[in-house]
Amino acid sequence: MPLIHVLPSELINQIAAGEVVERPASVVKELVENAIDAGARTIDILLENGGKKLIEIRDDGCGMSEQDALLAIERHATSKIHDFGDLTRVRTLGFRGEALPSIASVSRFTLTTWDGESEHAVEIDFDPLTGQRQLRPAARDRGTTVAVRELFENVPARRKFLRSGDAEFRSIVTVVSSYALPLPSRAFRLEHNGRVVLDLAPASSLRERVIQIVGSEADDALVEFDHQVGEVVASGFVTRGLRFGSRRNQFFFVNGRLVKDRVLTHAATRAADAFDFDGHPAIVLFVDVPPETVDVNVHPAKTEVRFRDSSQVHVAVEHGIKRALGGAEEGSALLQSSIAADAPGPETGGPSGIITPSPLLFAPQRVDSPAPATAFTALFRRDPVIQPPLRAQSAALAAAPAEPEAEAESGLGDLQGRVIGQYRMSYILLDTPGGLRMVDQHVAHERVLYDRYWQRIENHTPATQHLLTPILYDCGAAECATLESHLGELREVGFDIERFSGNTFAISGVPSELVQKETDAFLRKLIDASLEEKSPHLLRVREKVCASLACQAAIKVHRPLGGEEMARLVAELLASSNPYACPHGRPIIVDIKHLDIERHFHRK
């Protein structure tokens, strides 16, 4: 009996599904690509439980006849290529004919379609266990509906590796948003568990569609670019003066295909890093090259490409983005030049009309004297739990009774030392029996606040400061889905927040420690920390909310503190769950031994 045998077709399809279908977002990607290739003007996506229970995609494309519908479920059946020459000139998003049979082999699969010419529509059910197809007449408008139920039900080893419904849902929102970007004239609608979460009507321009996806905050910062090197055209949009904490708003397309490519990522990063700004700009990049100069068949999921001349592509992309970023908002050198040009005096009166920059431009900037910290001190006296400085509560603070000085000193017993000052308005210095102790005031306060927020969640006792005028927070589509999945945890720590309309949230209350103007920064930080999160546990969601809020609400570096304030902060730090590291893992305390200090001064 031979040892080598041909695998059954059902097993072949399941193996292919392992390459093409990794998770619900992969299914949505393949089906949306098919709808786009079919010329659909409107694409509706319906989900249940993050796509694990149901994925249904409806389009108004060209549809299929009964014969084509039956063939579409066969492996390597496609209308998009006929010979090897077509494979080197691919213009469509799909082309290998693997998506539908691979998806059907690992789910309860139903295909309903009508081409507008047949007598009626046709509906096909596919049994993943037996491979049997049940065909029957159906009714629908021209187009196609694909329903995928109980994904990986017959492959439990794959199903157990899926993430939580919320995490899978967020990935799907990112996929749908990405495919909507280069197609402003088409409508995309996403519904999750019976609720519409994304409704992108046709946009009047590509710029309008970019703002729909990235968020309205990018409107004023969005700069268009178009640069050509040889046969390579790099065009798109980049935010100048607005940056984000991650690359979540960077999208790369090659001949209309969404890709993840190291050449494009490196070129975009080099262009952005040429300017002295933290974070990452939003980038929507479209690279157009002759189809025969790029290989789109190098990855089973068609997410990677290979360029014939990657160096030319790199130059076009880097120079295009760099020129767009080279405005006054981004280029520090340009900003300095403009200041020099405006500066009065002999600096602008060099020979031959040459502008000579003032040496003061490059000198260290003077730091203004800090404002008195009386409000912060009074706040400590009112509440034994540390609060952020300079809150706008002057009347309440003035009326609060002051605690005796001895009580402030009582917290120092745990330190076995005393606070002796503040270094560069950022680090608290303590004289201890063992030597000199330095405490980072920002991360120390982070730890104290993190423990406080966590305690509120456990005790179900949120502390909310209600606002006279609600804050309207607008974000992109993917960010909206992420924020909505965290609404419960945000309310537990003190936010009064609701979905308002579209991608806008109304915030009528914030935690008492958070300054109102810092709410936007906190939400952006939380979204950045959450988009890449793969853990399905509610515990991790709560940790992210508490950690991001503590970081935003904590006192900042370069903030002057009084002696009582510093002593109280250190005492509360030592009573926290972990006085040596902040929630993000950064060290809080650094000890310098007295013996090392004496050795340095040659006393030992």
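Here, residues in each chain are numbered from 1, in the same order as that chain's written sequence. Local features in this predicted model are restricted to residues of pLDDT 70 or higher, and side-chain atom pairs are both shown and tallied only at a pLDDT of 80 or more, whereas totals for entire chains, interfaces and linings draw on every residue. Hydrogens and water molecules were not included; the side-chain quantities draw on all heavy atoms of the structure.

## Some remarks on the overall build of the chain
Filter applied, for reference: Per the convention used, a helix needs a DSSP run of H or I reaching at least four residues, while a strand needs a run of E reaching at least two, with both numbered from the N terminus. The buried label applies to any residue whose accessible area, calculated with a 1.4 Å probe on protein chains only, is under 20% of its type's maximum; exposed applies above 50%, and partly exposed to all values in between. Note on definitions: a residue-residue contact is assigned when non-hydrogen atoms from the two residues lie within 4.5 Å. To measure how exposed things are, a 1.4 Å probe is used in the Shrake-Rupley method; for residues, cover is taken only from the protein chains shown.
On a plain count of helices and strands, the chain comes out with 21 helices and 22 strands. Relative to its full complement of 604 residues, the chain shows a buried share of 50%. Contacts spanning at least 24 positions in sequence make up 68% of the contacts within the chain whose residues lie at least 6 apart. In the form shown here, the chain has an accessible surface area of approximately 29300 Å², with 53% of it arising from carbon and sulfur atoms.

## What to know about the confidence of the model for the chain
Selection rule: Here pLDDT means the predictor's own confidence in every residue, given as a number from 0 to 100.
On average, residues of the chain score 78 in pLDDT, and 77% of them reach the 70 mark or higher. Within the model, the stretch residues 328–415 combines pLDDT values under 50 with 107 contacts to residues more than four positions away or in other chains.

## Describing the packing of helix 15 (residues 441–459) against helix 20 (residues 563–574)
Basically, it comes down to this: Interaxial angles span 0 to 180 degrees and are taken between N-to-C directions of axes, which are lines fitted to C-alpha atoms, for helices over the stretch in contact. Angular relationships are summarised with four words: roughly parallel below 35 degrees, roughly antiparallel beyond 145, roughly perpendicular across 65 to 115, and oblique for the angles in between. Should the near helix be turned anticlockwise from the far one by less than a right angle, the crossing is termed left-handed; should it be turned clockwise, right-handed.
Two numbers describe how helix 15 lies on helix 20: the axes approach to 9 Å, and their chain directions differ by 50°. Put simply, helix 15 runs oblique to helix 20. In this structure, helix 15 crosses over helix 20, and the sense of that crossing is left-handed. Facing helix 15, whose interface residues are Q441, A444, H445, R447 and V448, helix 20 presents L569, E572 and L573.

## Let's talk about the sheet that holds strand 21 (residues 504–511)
Note the cut-off: Strand pairing is defined by DSSP finding a minimum of two bridges between the two strands.
Ordered by their spatial adjacency, three strands build an open sheet running 19-21-20, and the pairing between neighbours is antiparallel. Here the strands that pair on one side only, and so sit at the sheet edges, are strand 19 (464–474) and strand 20 (496–501). Going from strand to strand, the sheet's axes swing by 20° on average, the running direction of each strand aside. As paired elements, strand 19 and strand 21 share seven bridges and run antiparallel to each other. Directly across from L472, in strand 21, lies its bridge partner A506. Strand contacts of helix 16 (residues 477–485): strand 19, strand 20 and strand 21, with the helix running at about 40° to strand 21, the strand carrying the most contacts.

## A word on the environment of G562
By secondary structure assignment, the location of G562 is in the loop between helix 19 (538–553) and helix 20. Taking the C-alpha atoms as reference, G562 lies 8.6 Å from G421; in sequence the two are 141 residues apart.

## A closer look at the sheet that holds strand 18 (residues 435–440)
Strands belonging to one sheet form pairs held by backbone hydrogen bonds; the direction of such a pair is parallel or antiparallel. Read across the sheet, four strands follow the order 16-17-18-22 without closing on themselves; strand pairing throughout is antiparallel. Each end of this open sheet is capped by a strand with a single partner; those strands are strand 16 (418–423) and strand 22 (589–593). The mean inter-strand angle of the sheet, taken between neighbouring strand axes irrespective of direction, is 25°. For strand 16 and strand 17 (residues 427–432), the ladder comprises five bridges, and the chain directions are antiparallel. Following the sheet pairing, G421 is matched in strand 17 by L429. Lying on the sheet, helix 15 is in contact with strand 16, strand 17 and strand 18; it crosses strand 18 at an angle near 65°.

## What about the pairing of strand 11 (residues 250–254)?
The buried fraction of strand 11 amounts to five of the five residues, a majority that puts the element mostly inside the structure. Here strand 11 shows no split at all, with Q250, F252 and V254 on one side and F251 and F253 on the other all buried. Relative to strand 13 (residues 280–288), strand 11 is paired through five bridges, and the arrangement is parallel. Across the sheet, F251 pairs through a bridge with V284, a residue of strand 13. Here two bridges tie strand 11 to strand 12 (residues 257–258), and the two strands are oriented antiparallel to one another. Residue pairing across strands places V254 opposite R257, the latter belonging to strand 12.

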